[in-house]
Structure formats: structure tokens, C-alpha cells
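As a plain string of letters, each chain reads:
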Amino acid sequence: MANAIVEAIRLAVTRIPDDVVLALEEAYGREESEIARFNLENILKAIDIGKTESIPVCQDTGTLTFFVKAGVNSPFLGELEDAIIEATRRATEDVPLRPNAVDILTGRNSGDNTGRGVPIIHWEITEGDEIEVAVLPKGGGSENCSALAMLTPSEGWEGVKRFVVAHVKACGGKPCPPVILGIGVGGSADLSLKLAKKALLRRVGEGHPNERIAGLEGEILGAVNSLGIGPMGMGGRTTALDVKIEVAHRHPASFPVGLVVQCWANRRAFLRIKPDGRVEVWQ
Amino acid sequence: MAVKLKTPLSEEDVLKLRAGDIVHLSGTIYTARDSAHRRILSLPREELPFEPEGAVIYHCGPVVRKRGDGYEVVSAGPTTSARMNAYLDEILNLGVRGIIGKGGMEVRSFKDRAVYFAFTGGAGSLAAKSIKRVKAVHWLDLGIPEALWVLEVEDFPVLVAIDSHGNSLYR
């Protein structure tokens, strides 16, 4: 099982998903400034090199986050956590990944991307006998632009839009635009941020199934792109490739908004573990 | 305008560059991130493992692979430079003439003495193509991303994003 997880990690960091590449190619076609095109051309070249040479496209192979949908009847539930940690160690050596786990007190790098609390694993219990794992390696530059706003209910969705646009503007070129924005609304402070991160697993170009939420995604995307920040913050039409919103019910007094900024290298891969031990890996 | 420059950079090299120019940089560059900056500034100049006069510092934490008794750089794009703003004036006071990074820095610090080169964030596999070899590594105790990597580059295509005349490409 650990081997299959290593392969999913390798796939995630060396190949940018097709939907993201398509969005970047479209952005390249839209940009007129030579500088915006310089940056997008470099991005497309880097993606190509990563794929053909099977090497990490971005040197920041991130903190590995795993979203697990664990079927209660899977015979592998008990060994999955150890397999994920073992795979993280092995992938660091084999892929290779950059060791990004640093002790919070001593500053010492563990050297293998594991340590207290990392890799990050989010569990969700589901019916059935299969396990589905999403791998999301996320870099520090864009993660540093994550934010939480505890709005008042009267601010509502207008407030969400204002907060997101102002925050993306303040971040400028730091998170490696064109970015993909994950927005979690409702629940609680912690749940909104978790939903925001989970939103990044959806394909670029795929709107929320709820029409009103999809409409809000489009509105925020338009507002962010009119900022003119552009690729790498040097001006242009494309500041964001997509906006993804996930929602939960909220407390009547609260309107929490979690914002997770994802750089253009929207890396992800998935694997499914069948009850007989067979594993499928895809992107 | 696209120009070829070789490190170490002179004051003259730097003053003729304008924001928006593309530079093909060759020679030796040094990686440094937060911890390496702190260490550079904590040591007396004669104890530094490199000559800062004319040097180019790359804000980068590479992915490296052991190769024989040395290292090979696999992927090496820039990290967010704004984190190093706090050290910028002191670093440039050492005679450093160029910084390579992403996202931009304090424009006024570069005035009349240095330039900020941008390379595309996330394009680490492409940047690695310009890195011909790892000449040395210092301070591995800081961890691989934070160590000071001495890299030989050839025609590394970077953009002058902040010039020494107060111009910046950042919005």
C-alpha cells in the first residue's frame, strides 16, 4: 500500500493536472503584456519538463496533506496511517521531495517530511469497503496567504467578496499567481478553513453544483481578475484561474470565512484501495 | 532588452539595467533563505563562506539529490522574497549586487546599488536547467532548504523586476 501512496505523491508533484494546464494555456492566450507572457511561458515549460523528466515541477513540494474517505468495512483501515507516514518518508528519498518538516521549538529539519502532526491526515468515515485518498502537496508561499475572517451575519456574502478581494490584493505576487482560491463559508473558524482547503481538490473549471454558489464563485473570480495583479504580480489579466467555494451551516451569530490560496501549481492525485488490496492511482 | 551578465556583478553592470530587461545570468550564485540570512548577518565578514562584493543571492530552497560524493539540483525555483525584507539593507550593505526571487522586495533598498531579478515562481524544473552544477554547500545543519548552496549557473533567464533607479514591475 505504501508503494501506491509513493506513486500518488510522485504523480502529484511531477505532473500538473490537465484541467490546470488547460486553464494556464488559456491564460497565456489572453495575456498581452510581454512580461505576463514570459512568466506563463516559463510555467508551461516547467510543467512540460516535470512531466517528461518525472521531476518535481516546483521545488517547494510542500507539506503533504491527505484527505481520506475511509469505508468502514475496508480491511486496511488499521494500517493506513502508518502506510501514509512510511510513503511520505520513502517519497522524500525516491521522488525526491524537499524535506519541509521543521521542529517548532528547535528549528531542526526532520529530513523526511514527517514529524509532530505531519503529514496532515483528514479522516472522513464513509460507507462501504473502499478507501479513497486524495494527496494535496501544498507549498508554503501560497499557504502563507491563507486567512480567516469572522464576519458578522449582516456582512454576509458581500462581506465574503470584500474580504477575499482585499486579501488577494494585499498578497500581490507572493502566492505565485495565477492562483486558485479555496473558500470555506460557515461551520466554525476551523471548519471553514478545512472546507477551503478541501475545495482545492475540485477540478479547475468545474463550478459548484449549487447554482447560487457557482454564481458567487464566478463573481469573485471576476472581481479578483479585475485587480490586475497578473502572473507573478507583475500585471496582467489573470490573477486567479478559478474560485472554489464549499459551505456548511453556520451559527446564527457567526459568518466564518476561511480562505486558502493555492498557487498555479495546483497539485493533486488520488488513490483508491479496494477490499482485495488492488490500488488505482489517478489525477 | 536581453543582456548577458556574468557574476560577480559590478556597480556599472547593475546601474545600466532597467525594470523589464531580461538578463541571462552566468557564473556563481548563492542560495539563502530566512535562516541563512540570519547567519550571514551574525558572522564577521571574514568568516563568511563567500565573498559578498558583487555577489548574487538566490532566494531558493532547492530539491537536491545525492550524486556520487556531491549533489545534483533537481528543482530550484525562487521562494517568496518579502520574508527577507528585514535583512535586505544589511545584506546589500555587504556589497551584494543582485537578489533573485519572486514576489518583489522593498524598492528603495536597491536604489543606486543593486537590482532585484525575478524568476517565475513554481517553475523549479525549468530553473534547474540553468544550474550546471553544485560547487559547494555550507550550513547543512540548517536543513536542505535553508542551507547556503553555491551554484554554477549558465544563461539563467531572469527578469529585472526592481532596478537601481526606483522602478518596479510589481502592482
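Small disclaimer: the values here were computed from a predicted structure and weren't measured.

Undergrad: Break down the overall build of chain A for me, citing the residues and quoting the values.
TA: The helix and strand inventory of chain A stands at 8 helices and 9 strands. Taken against the 2.2 N^0.38 rule, which gives 19 Å for 283 residues, the C-alpha radius of gyration of chain A at 19 Å falls within 12% of a compact globule. Referenced to the eigenvectors of the C-alpha coordinate spread, the extents of chain A come out at roughly 50 × 50 × 40 Å. In chain A, which comprises 283 residues, the proportion classed as buried is 54%. Considering only residue pairs separated by 6 or more positions, chain A has 80% of its internal contacts joining residues 24 or more positions apart.

Undergrad: So what's going on with the nonpolar core? Which residues, and what values?
TA: Formed by 91 residues in total, the largest nonpolar core has its most connected members in Trp264 of chain A together with Ile40, Ile99, Ile100 and Phe156 of chain B. Top element by residues in this core is strand 9 (residues 148–162) of chain B. It accounts for 11 residues.

Undergrad: Explain the pattern of salt bridges to me, and be specific about the residues and the numbers.
TA: Under the counting rule described, the total for this entry stands at 33 salt bridges over all chains. Between Arg237 of chain A and Glu32 of chain A there is a salt bridge, with the nearest N and O atoms lying 3.5 Å from each other. Of this pair, Arg237 of chain A sits in the loop between helix 8 (211–225) and strand 6 (240–247) while Glu32 of chain A sits in the loop between helix 2 (18–30) and helix 3 (34–53), and the two are 205 residues apart along the sequence. Of the residues examined, Glu32 of chain A reaches a relative accessible area of 63% and is grouped as exposed. The partner of Asp89 of chain B in a salt bridge is Arg108 of chain B, with the nearest N and O atoms 3.8 Å apart. Here Arg108 of chain B lies in the loop between strand 6 (98–101) and strand 7 (115–118) and Asp89 of chain B lies in helix 3 (residues 85–93), a separation of 19 residues in the sequence. Using a relative accessible area of 58% as the deciding quantity, one classes Arg108 of chain B as exposed.

Undergrad: Account for the packing of aromatic side chains, naming residues and giving values.
TA: All names here are of chain A. Evaluated as defined, the whole model comprises 8 aromatic pairs over all chains. Judged by centre distance (5.6 Å) and plane angle (20°), the ring pair of Phe270 and Trp282 falls under stacked. Placement of the pair is Phe270 in strand 8 (residues 269–273) and Trp282 in strand 9 (residues 279–282), with a sequence separation of 12 residues. For Phe270, a relative accessible area of 12% puts it in the buried group.

Undergrad: Let's hear about the UniProt feature "domain: Fe-S hydro-lyase tartrate dehydratase beta-type catalytic" (unreviewed entry) in chain B: which residues, and what values?
TA: Look at the UniProt record and you will see "domain: Fe-S hydro-lyase tartrate dehydratase beta-type catalytic" (unreviewed entry) annotated at residues 2–170 of chain B. Strand forms 36% of residues 2–170 of chain B and helix 17%; the C-alpha atoms that close the span are 20 Å apart.

Undergrad: Explain the sheet that holds strand 1 (residues 63–71) of chain A residue by residue, including any values.
TA: Residues and elements named next belong to chain A. A sheet is described by the order of its strands in space; here 5 strands give the open sequence 2-1-3-8-9, paired in mixed fashion. Both outer strands of the open sheet, strand 2 (120–126) and strand 9, are each paired with one neighbouring strand and no more. For this sheet the average axis-to-axis angle between neighbouring strands, irrespective of direction, equals 15°. Relative to strand 9, strand 8 is paired through 4 bridges, and the arrangement is antiparallel. Residue pairing for strand 9: Ile273 is matched across the bridge by Val279. Each of strand 1, strand 2, strand 3 (131–138) and strand 8 touches helix 4 (residues 77–94); the most contacted strand, strand 1, lies at about 160° to it.

Undergrad: Please provide a residue-by-residue account of empty space enclosed by the protein, values included.
TA: Residue and element names in this part refer to chain A. Using the criterion set out here, one finds 1 cavity of 30 Å³ or more in the structure. The space that makes up the largest cavity amounts to roughly 60 Å³. If you go around the largest cavity, the residues you meet are His167, Val168, Cys171, Gly172, Pro175, Pro177, Val179, Leu181, Thr239 and Val261. Residue classes in the lining of the largest cavity are distributed as 7 nonpolar, 3 polar and no charged.

Undergrad: How would you explain the pairing of strand 6 of chain B if you had to name every residue and give the values?
TA: Residues and elements named next belong to chain B. Every second residue of strand 6 is oriented toward a common face, with Gly98 and Ile100 on one face and Ile99 and Gly101 on the other, all of them buried. Where strand 3 (residues 56–58) and strand 6 come together, 3 bridges link them in parallel fashion. By the bridge assignment for strand 6, Ile57 is matched with Ile99. With 4 bridges joining them, strand 6 and strand 7 adopt parallel strand pairing. Counterpart to Ile100 in the pairing with strand 7 is Phe117.

Conventions used here
Residues numbered from 1 in each chain as written. Chains lettered and ligands numbered in written order. Predicted model: local features only at pLDDT ≥ 70, side-chain atom pairs only at ≥ 80, totals over all residues. Heavy atoms only, no water. Helix = DSSP H or I, 4+ residues; strand = E, 2+ residues; numbered from the N terminus. Rg over C-alpha atoms; globule rule 2.2 N^0.38 Å. Buried < 20%, exposed > 50% of the residue type's maximum accessible area, 1.4 Å probe, protein only. Contact = heavy atoms within 4.5 Å. Core = buried A, V, L, I, M, F, W, Y, C linked by side-chain atoms within 4.5 Å. Salt bridge = Lys/Arg side-chain N within 4 Å of Asp/Glu carboxyl O. Phe/Tyr/Trp six-rings, centres within 6.5 Å; stacked < 30°, edge-to-face > 60°. UniProt positions renumbered as here; feature names shortened; annotations may be inferred. Pairing = 2+ DSSP bridges. Axes fitted to C-alpha atoms, helices over the stretch in contact; angles between N-to-C directions. 1 Å grid on protein atoms, 1.4 Å probe; cavity = no way out; pocket = protein on both sides within 12 Å on 5 of 7 lines; lining within 4 Å. Points joined across faces, edges and corners; volume = space filled by probe spheres on them. Nonpolar A, V, L, I, M, F, W, Y, C, P; charged D, E, K, R; others polar.

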